[in-house]
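Structure assessment
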Amino acid sequence: MCDRTRIHKSLVILGSTGSIGTQALEVAEAAGYRILGLAAARNVDLLEQQVRHYHPEVAVMYDEQAAEELKRRLAGLPVLVLGGMQGLCDLAGWHDADMVLNAVVGMVGLRPTLAAIAAGKDVALANKETLVAGGAFVMEAVAKAGVRLLPVDSEHSAIFQCLQGQPPVERALKRLILTASGGPFFGRSREELEQVTLADALKHPNWSMGQKITIDSATMMNKGLELIEARWLFDMPPEKIDIVVHRESIVHSLIEYDDNAVLAQLGLPDMRVPIQYALTYPDRMSCPVGQLRLEDWQKLTFYAPDNEAFPAMDLARQALTMGGLYPAALNAANEVAVGAFIDGKIGFLDITRLAAAALTYDLPDPQTVDDVFETDTWIREKTRQAIHDMK
């Protein structure tokens, strides 16, 4: 992958069996990184293969039973096998690691992110729920520890790349513009979305991703969560963050300055580029992704989002404006609702209906990060009860 002198950093990857994690391993191996630790939820088969190939010091399975199975399979190998949330946090703060790439799915990622920061590790962040639910606490921890929080999402990486070498943000930056593919249901009315199936929702036009994020892309909640994430990553108020639908996924996001100059980062839709930039920042290296030839595309299209058919983006903006625990509540309800849709318990439009209900509760102002976790647990139970009542 690289055509320059190989660099040597030690890396921990949380979520190594998912789409981002497997691509990160490809990038890291070619770049000469030492893989110190790997973690997954419950895919024992793939994590076992990865351990045998990359020889990490530590392997973690979030599922405790899966951890016992992995320990049995790896008996005799010089690898420490841990399980559960404590295992994830122990690995995130592993003493020899230079960087932690957090690519786990969902709220599970918040505690390991905080553990890595507290241990003084730079974090390459692909787990957007970390900032959606705990943005204020995470950014406070980053500032206190003096570490770097580097975005992996293609949209936030694009903004981060556009900002390099530019004037101080507080003086010159007017607007962030996040691009959205529009997902598999672009152009459909809300009435047409009533009967869509799980198989329909998983047919993303441009990106190959896990089930949860693909469903979030279909509802456009993914873009709403990215709006909240951008607010914290770039210290921008929500009224200065816009969303535009860009079907081709060539323009990954844009920034606009006070003089109305707009900078964009472009490239073919391939997650290895933002993953690699986060791992190697501030360096750039050769990467075996396709080369963008604009003449092959001839035209690129942009549309205003349909907030009537896809209200999730407005819900995220509302939660961000309400502040406090409301983004965490929105995220918790959405995670439960997406899981219920995947399990066939609710319809597609019920996802955003349940997410909207999370913003109707009277929530206190958070005093510590524990308040975030307590609210997350409480909203999940409320949402599960609402799903049960719907039957």
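Below or above, wherever it landed, is the structure these notes cover. Here the residue index of a chain counts from 1 through its sequence in written order. Given that this is a predicted model, residues contribute local features only at a pLDDT of at least 70 and side-chain atom pairs are listed and counted only at 80 or more, while totals for whole chains, interfaces and linings are drawn from all residues. Hydrogens and water are ignored here; the side-chain numbers use all heavy atoms of the structure.

**As for the packing of helix H16 (residues 326-342) against helix H18 (residues 369-390)**
Two elements in contact, H16 and H18, have axes separated by 8 Å at closest approach and are oriented at 40°. In terms of axis orientation, H16 runs oblique to H18. When the axes of H16 and H18 are compared, the crossing they make is right-handed. Contacts between H16 and H18 involve Ala328, Ala329, Ala332, Ala333, Glu335, Val336 and Ala340 on the former and, on the latter, Val372, Thr375, Asp376, Ile379, Arg380, Thr383, Arg384 and Ile387. To obtain an axis, a line is fitted to C-alpha atoms, over the contacting stretch when the element is a helix, and the angle between two such axes runs from 0 to 180 degrees between their N-to-C directions. The secondary structure listing takes helices from DSSP runs of H or I that are at least 4 residues long and strands from runs of E that are at least 2 residues long, numbered from the N terminus. Any angle that falls under 35 degrees is termed roughly parallel, while one over 145 is termed roughly antiparallel, one within 65 to 115 roughly perpendicular, and all others oblique. Crossings are classed by handedness, with left-handed meaning an anticlockwise turn of the near helix from the far one by less than a right angle and right-handed meaning a clockwise turn. It only takes one pair of heavy atoms within 4.5 Å for two residues to be counted as in contact.

**Brief notes about helix H3 (residues 64-73)**
Here's how the labels work: a residue is buried when its accessible area is under 20% of the maximum for its type, exposed when over 50%, partly exposed in between, all with a 1.4 Å probe on protein chains only. What H3 keeps buried is the set Ala66, Ala67 and Leu70. Along the axis of H3, the buried residues cluster in a sector spanning 105°; they form a single face. Along H3, the residues that are exposed and aim more than 90 degrees away from the buried face are Glu64, Gln65, Glu68 and Arg72. As for H3, its buried residues are in contact with helix H2 (44-54), strand E3 (58-61) and strand E4 (80-83). Between N or O atoms, a polar contact is any pair within 3.5 Å; within protein, one atom must be a potential hydrogen donor and the other a potential acceptor, and residues adjacent in sequence are included only when both atoms are from side chains. With a side-chain oxygen positioned 3.0 Å from the backbone nitrogen of glutamine 65, the residue opening H3 is aspartate 63. Summarising the geometry, the arc corresponds to the directions from the helix axis toward the C-beta atoms.

**Describing the sheet that holds strand E7 (residues 149-151)**
A strand pair is defined by DSSP finding two or more bridges across the two strands. Taken in spatial order, the 7 strands of this open sheet run E4-E3-E2-E1-E5-E6-E7, and their pairing is parallel. The sheet is open, and its two edges are formed by E4 and E7, each paired on a single side. Direction aside, neighbouring strands of the sheet carry axes that sit 20° apart on average. With 4 bridges joining them, strand E5 (residues 99-102) and strand E6 (residues 122-125) adopt parallel strand pairing. Counted as the bridge partner of leucine 101 is alanine 124 from E6.

**Section: the side chain of serine 253**
If you trace the backbone, serine 253 turns up in strand E10 (residues 251-257). From its side chain, serine 253 meets the backbone oxygen of isoleucine 177 in a polar contact 3.5 Å long. Once you skip the residues sitting within four places of it in the chain, serine 253 turns out to touch Glu155, Ala158, Ile159, Cys162, Ile177, Leu178, Thr179, Leu263, Ala264 and Gln265.

**Focus on the packing of aromatic side chains**
Between the rings of Phe, Tyr and Trp (Trp by its six-membered ring), a pair exists once the centres lie within 6.5 Å; its type follows the angle of the planes, with under 30 degrees stacked, over 60 edge-to-face, and the other angles tilted. Evaluated as defined, the whole model comprises 7 aromatic pairs. For the ring pair phenylalanine 160 and tyrosine 281, a centre distance of 5.0 Å and an interplane angle of 50° mean the geometry is tilted. Linking phenylalanine 160 in helix H7 (residues 154-163) with tyrosine 281 in the loop between helix H13 (272-280) and helix H14 (294-297), this pair joins segments that are 121 residues apart in sequence. Exposure class is identical for phenylalanine 160 and tyrosine 281. Each is buried. Each ring, one from phenylalanine 186 and one from tyrosine 303, has its centre 5.0 Å from the other, and the planes form 50°; the classification is tilted. Here the residue phenylalanine 186 occupies a position in the loop between strand E8 (173-180) and helix H9 (190-193), and tyrosine 303 occupies one in the loop between H14 and helix H15 (312-322), the gap between them amounting to 117 residues. Owing to a relative accessible area of 32%, phenylalanine 186 belongs among the partly exposed residues under this scheme. For tyrosine 303, a relative accessible area of 36% gives the class partly exposed. Grouping aromatic residues by their ring pairs yields a cluster made of Phe160, Tyr277 and Tyr281. Whether a charge sits over a ring depends on NZ of Lys or CZ of Arg being within 6 Å of the ring centre and within 35 degrees of the ring normal. For arginine 111, the ring lying beneath its charged end belongs to phenylalanine 373, and the centroid distance is 3.6 Å.

**Looking at the pairing of E6**
What you see with E6 is no split at all: Asp122 and Ala124 on one side and Val123 and Leu125 on the other are buried throughout. By convention, orient the strands away from the viewer: a clockwise path from the first strand over the helix to the second makes the crossover right-handed. Taken together, E5, helix H5 (residues 110-118) and E6 form a β-α-β motif whose crossover is right-handed. In the classification by handedness, the crossover that spans E6, the intervening helix H6 (residues 129-145) and the parallel E7 is right-handed.

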